[in-house]
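Residues per chain are reported as follows:
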Amino acid sequence: MTDDTTVRPDSGPGAPVLAATGVVKRFPGVVALDDVDVDLRAGEVHTLLGENGAGKSTLASVLCGAYQPEVGTVFRHGRPVELRSPRDGLAHGIAMVHQHFRLVERFTVSENVVLGDPQLGRWLARGAIDDRVASVAETFGLPVDPRARIHDLSVGQRQRVEIVKALYRGADVLLLDDPTADLTPQETEALFVTVRAMTAAGKSVVFISHKLGEVVEISDRVTVMRGGVVTGQVARVDADRHELARLMVGRDIDLDAQQFAAGSPGSPCLIAKGVTVRDGEQTALDAIDLEVRAGEIVGVAGVSGNGQRELADVLAGVLAPTSGVVEVNGQPIRSARAARAAGVAYVPEERLGTGLAPSLTIGENLLLTRRRGALVSRSAARRDAREIIARFEVKAPGPDARCRVLSGGNAQKVLVARELAGDGQAPKVVVASAPTRGLDVGAIEQVRALLDDARRNGAGVLLISEDLDEVLAMADRIVVLYRGRISLEADRASADRGAIGRAMAGIA
Amino acid sequence: MIVVRLERRVATPRWIGVAVPVASVFAALVLAGVFFVLTDRPPLTVYSEMFDAAFGDVQGVKNTLVSATPLVFTGLAAAFAMRMGLYNIGGEGQLYAGAIAAAGAALLWTADLSTPIAIAVVFVAGAVGGMAWMLVPALARALLGTSEIVTTLMMVLVADVVLDYLISGSTSYWRDPLTIGFPQGKEIPDAAQFTRWFDARITVALPIAIVTAAIVWFVRNRTSFGYGQDVIGDAPHAARYAGISERRTVLVTLLVSGALAGMAGAAEIGGRIYKLEPSSLRLGLGFTGIVIAALARSNALGVLVAAFFLGGLRNAGQSVQAVADLDLPKSVALMLEGFILLCFLGGQVFSTHRLRIVRREPARRARASAGASS
Ligand SMILES: Nc1ncnc2c1ncn2[C@@H]1O[C@H](COP(=O)(O)OP(=O)(O)O)[C@@H](O)[C@H]1O
Ligand SMILES: [Mg+2]
């Protein structure tokens, strides 16, 4: 088929490998993209930077063919192309790694990689496929076992599988949507090695993030977005963190993690004694003793997967420990209901699906942990929702919006507001797990302020976070969790970053 | 060039809940019309005869209400479970069990009772019977996670056999010892036979059905229990997080669902049949309840509307058999019901997706030929 289409003047070898001009995409109630231009050159890392809801994911979806723009054109090597589906995008060598992975849990890595591959014949030559997958993985520094099953893999490993999948299909443009949102610092480093290997091999990467530090580290160019429009574009050489932050948020921002004043601890309100959680052979928590006093924040540092989730669940009564006891103000906690009744608020690690029911409305989700009588009033809940939306500047179509349409940051605002700011009754104990992970600057400020308020109001707060800066900025005391044990305990005054880092890595 | 495309909806607008069922009914009429044409019956005549029979005059509407009454109960039974993602396919069996219990209780206790108490006895017995029939599937689902779809369906077969056994296979308490030759059920005492109103078989079962629908609606939408059902149906982890017991909620939901289907059996015994008679009970009312719940999108008030409509269809099926020159069996009603369900299930895609008509200028169509594989 010959192509007699309009060719843009800048087509040819020097043209951007992928570009889009004048892109408009609306969703009900929002203009997600409003006349956006963007271009990607061969071998570069081009970052889309912006707060939650800025339109980054939507733009990437347009570039890979998952969404069709209402107005605007996508160009591949200077030629207009029409991408009607991600499959079309892939046929053009464009692949997206979504923030929420799309892998079949029961399948092996290789099976996932070849799933839906049009080149795949009628029979699976497993051996050959495994070998090819392994060789692609190795070329780009992505250690994965082709025969491992997805459900056994960590978040970081799953992401590698998604990237291998894209590379295996021969993509030379990779769109990575918020790839570092759920990664540990080590995994992030490993990802950057891979990104550099890909660009060295001539591939181009669109990198999406809202974390300034890493953006400056990895990008060749940065396009900053806010509210569906491009607010600026800078090359890395010009990248100034303050300028980027201003473009992103629309006002000046104090970048250094704000140091919070220490609390004035009273008597212990949350006590865990000898808490052990065993799941078959695995020991998730090993005889943990922990005490949180009223009016203080105890920070739990550590790389995720070292028992954080179990610890939070046990303290909030959601998980019954194999042995050991949890008490809140002298009352034993044996169920989630008992914990709630004793005044425990819990912000779980997994927001959508645990902290919030995705298909229920914002209002209905506010009822989830409220004390409910025999009857519930959805209209009162709707009023509550309106209030929270206004007070915390939640970007949502309204109180009847289902939580699954909210962006991560806005969903978290709803969740944290429900747990900390609702009901007129201040919580006595707060368990917060990764409360600011993946949020943008503005939302982080709000969430931290709410935690600080809870402390001032005399709550005992347990802050579980992988972000050591956050723990150091907020906590009165710090414990480090490593392989289900507390490997270090320190006061804020005596906290030493180096020692904490070693404790997190299990080096005594 | 104009392209029609299916696009995922962000939110389901309210009107869809009405438009999809209505449109699927129309589509079903068109599809079934093909059969009428092929068999040399003018479809429009068939439909107008049916419509007249079901809704055309006062007598038709009365008969439709009579047919609709048990369907409200079986529809509610299916809907109550369906809204939290549980599928009670065995309403038919629970209806039989409810009928057995209702007839048994009526025979045992109601001879000397006043009418209102007798009515209560019949309905309570029906509910208990339906619930008992659901007990094993409900426990298996709540404690072991066994699929309720399979177990409730199997229980229909058991109920079917039990029903035959009680009347034709044994000299049970339910069987009339005086019948010689063809075995029959014993007629229940007068007090338990619901009074007929308006020169039709409309009985107290109809208002009870309507009130029951209102109660079910209230439970689903205004109570903590109904809220818990919503949460579990959507996100079991969130339920665990919030301390809502999945086990308890599943158990109660399925038992109530069984009880509702059992009440349909009670309504049939006290309002229409007056004795346990297998052939009169075997109308597939329980299965039609599933269709009703689907059409009503599990909404209790929608069940009233859908039951009225499908009741009309059944009633029309009865009537058109009598129209000599059409020569139709009454099972046309079941055929139409099947078509409606199929069209409705197909139409569901429009509640999650919408059609978008896109106009494109040919000049812009520039798919690289190299990439257009598969
Ligand atoms: N599928 C969708 N349906 C409705 N609104 C959406 C959808 N996807 C994104 N949005 C809205 O579009 C805006 C941009 O979202 P998104 O591209 O996800 O932002 P980002 O990735 O920068 O956080 C937000 O206001 C978001 O709520
Ligand atoms: Mg995004």
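These numbers come from a predicted model, not from an experiment.

K.L.:
Whenever I open this one, the interface of chain B and chain A confuses me. Can you help?
P.N.:
By convention, interface size is frequently given as the accessible area that disappears when the constituent parts associate. Counting residues at the interface gives 32 residues for chain B, matched by 47 residues for chain A. Roughly 3,400 Å² of surface becomes buried between chain B and chain A when both sides are summed, with 50% attributable to carbon and sulfur atoms. Along the contact surface separating chain B from chain A lie one salt bridge. D230(B) serves as the salt-bridge partner of R378(A), at 3.3 Å between the closest nitrogen and oxygen. Secondary structure elements with two or more residues in the side of chain B that touches chain A: α7 (205-222), α8 (224-234) and α9 (236-241) of chain B.

K.L.:
Would you mind showing me how to read the sheet that holds strand β4 (residues 71-76) of chain A here?
P.N.:
Paired through their backbone hydrogen bonds, the strands of a sheet run either parallel or antiparallel. All names here are of chain A. Reading across from one edge, β2-β1-β4-β5 is the order of the four strands in this open sheet, with antiparallel pairing throughout. Only two strands of the sheet have a single neighbouring strand rather than two, namely β2 (30-40) and β5 (79-81). Mean inter-strand twist for the sheet, computed between neighbouring axes without regard to direction, equals 30 degrees. Relative to β4, strand β1 (residues 18-27) runs antiparallel, the two being bridged by five bridges.

K.L.:
Teacher, can you tell me more about the site of ligand 1 here?
P.N.:
Residues and elements named next belong to chain A. Around ligand 1 sit 14 residues in total, of which G53, G55, K56, S57 and T58 are the nearest. A distance of 2.8 Å separates an oxygen atom of ligand 1 from a polar atom in the backbone of K56. Between ligand 1 and the protein, one listed contact pairs an oxygen atom with a side-chain N or O atom of S57 at 2.6 Å. For ligand 1, whose unbound accessible area comes to 550 Å², protein coverage reaches 79%. Only β2 and α1 (56-64) provide two or more residues apiece to the shell around ligand 1.

K.L.:
Where do I start with the pattern of salt bridges in this structure?
P.N.:
Two side chains carrying opposite charge are able to pair once their charged atoms lie near each other. A complete count under the given rule lists 34 salt bridges over all chains for this structure. In this structure, E217(A) engages R196(A) in a salt bridge whose closest nitrogen and oxygen atoms are separated by 3.8 Å. One end of the pair, E217(A), is in helix α7 (residues 212-218); the other, R196(A), is in helix α6 (residues 185-200), and 21 residues separate them in sequence. The exposure class of E217(A) is partly exposed, given its relative accessible area of 35%. Residue R196(A) is classed as partly exposed on the basis of its relative accessible area, which comes to 38%. When the shortest N-O distance is used, the salt bridge between R382(A) and D400(A) registers 3.0 Å. Placement of the pair is R382(A) in helix α12 (residues 378-391) and D400(A) in the loop between α12 and α13 (408-421), with a sequence separation of 18 residues. The class of R382(A) is partly exposed, set by a relative accessible area of 30%. Judged by its relative accessible area of 46%, D400(A) falls in the partly exposed class. Beyond isolated ion pairs, a larger network of salt bridges with shared partners links E364(A), R378(A), R83(B), R220(B) and D230(B).

The rules we used
Residues numbered from 1 in each chain as written. Chains lettered and ligands numbered in written order. Predicted model: local features only at pLDDT ≥ 70, side-chain atom pairs only at ≥ 80, totals over all residues. Heavy atoms only, no water. Contact = heavy atoms within 4.5 Å. Buried area = accessible area lost by both parts, 1.4 Å probe. Salt bridge = Lys/Arg side-chain N within 4 Å of Asp/Glu carboxyl O. Helix = DSSP H or I, 4+ residues; strand = E, 2+ residues; numbered from the N terminus. Pairing = 2+ DSSP bridges. Axes fitted to C-alpha atoms, helices over the stretch in contact; angles between N-to-C directions. Near = heavy atom within 4 Å. Polar contact = N/O pair within 3.5 Å; in protein donor to acceptor, adjacent residues only side chain to side chain. Areas by Shrake-Rupley, 256 points an atom, 1.4 Å probe, with all protein chains shown as cover. Buried < 20%, exposed > 50% of the residue type's maximum accessible area, 1.4 Å probe, protein only.

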